[in-house]
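Summary of the model geometry
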Amino acid sequence: MGQYHHILLAADFNAESAQVEQRAAALRDTFGASLSIIHVMEPISIAYGGEFPVDLGDLHKELEKQAQTQLRELGQKLNVPQERQFLEVGITEKEILRVAEENGVDLIVLGSHGRHGLALLLGSTANAVLHHANIDVLAVRLNKDSK
Ligand code: AMP
């Protein structure tokens, strides 16, 4: 009891995310746990609510390449091996919960909000994950002035 064994960091590569990343790494060290990182790409068709008039294959590939690079860099920074770096496509909260469940994660660490609104106490991803997870979730409080 009281120990975490596998922590999953939900990374959106936002400028404010360093706080979330550092908290996840510190918890990993404190508990001697494994750390995994997930980044989710929402398919452009979902983000834009359905039909889109041009072929988005190339754009998607380009975005995927960028996300892969950011994930690798974060993995190196936090000392997380490639097999614990997850780049997924889908609905963000669903993918976070799926990867957590499939990999025996016992703590999810995310930011209280990210791109979806500084005005909200809890952003949409944090809210959805908190409501649907059956494991612990740490929503690291982000505020405008913190670094
Ligand atoms: P948001 O729902 O945008 O307010 O984001 C809240 C938190 O959810 C962020 O600080 C991240 O920890 C996580 N998050 C948001 N978007 C993603 C994403 N695409 N992939 C992984 N984690 C995310």
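Whatever comes next refers back to the structure up there.
Residues numbered from 1 in each chain as written. Predicted model: local features only at pLDDT ≥ 70, side-chain atom pairs only at ≥ 80, totals over all residues. Heavy atoms only, no water.

**A short note on the sheet that holds strand E3 (residues 85–89)**
The condition is simple: Only when DSSP finds a minimum of two bridges between them are two strands counted as paired. Secondary structure is summarised from DSSP: a helix means a run of H or I of at least four residues, a strand means a run of E of at least two, and numbering begins at the N terminus for each. Each axis is a line fitted through C-alpha atoms, and for a helix only the stretch in contact is used; angles between axes span 0 to 180 degrees, taken between their N-to-C directions. When checking whether two residues touch, look at their non-hydrogen atoms; a contact exists if any pair is within 4.5 Å.
Reading across from one edge, E3-E2-E1-E4-E5 is the order of the five strands in this open sheet, with parallel pairing throughout. The open sheet terminates on both sides in strands that have one partner only, identified here as E3 and strand E5 (136–140). The average angle at which neighbouring strand axes cross in this sheet is 25°, direction not considered. Two elements, strand E4 (residues 107–111) and E5, share five bridges in a ladder whose sense is parallel. Along E5, the bridge assignment pairs glycine 111 with valine 140. Lying on the sheet, helix H3 (residues 57–78) is in contact with strand E1 (6–10), strand E2 (34–41) and E3; it crosses E2 at an angle near 160°. Contacts from helix H4 (residues 92–102) reach E1, E2, E3 and E4, with the element oriented near 150° to E2.

**Let's talk about H4**
What counts here: Note on classification: 1.4 Å probe, protein chains only; a residue is buried when its accessible area is under 20% of the maximum for its type, exposed when over 50%, partly exposed between these limits. Along the arc lie the directions from the helix axis toward the C-beta atoms.
Among the residues making up H4, those that are buried are Thr92, Glu95, Ile96, Val99 and Ala100. Down the axis of H4, the sector holding all buried residues measures 130°, keeping them to one side. Away from its buried face, by an angle of more than 90 degrees, H4 presents the exposed residues Lys94, Glu101 and Glu102. Each element contacted by the buried residues of H4 is listed here: E1, E2, E3, E4 and helix H5 (124–132). Backbone geometry just after H4 places glycine 104 at a positive phi near 65°.

**Considering unusual backbone geometry**
In this model, phenylalanine 13 sits at a positive phi of 60°, which is unusual for a non-glycine residue. Residue placement: phenylalanine 13 occurs in the loop between E1 and helix H1 (18–31). Even without being glycine, asparagine 79 reaches a positive phi, approximately 65°. Position of asparagine 79 among the secondary structure elements: in the loop between H3 and E3.

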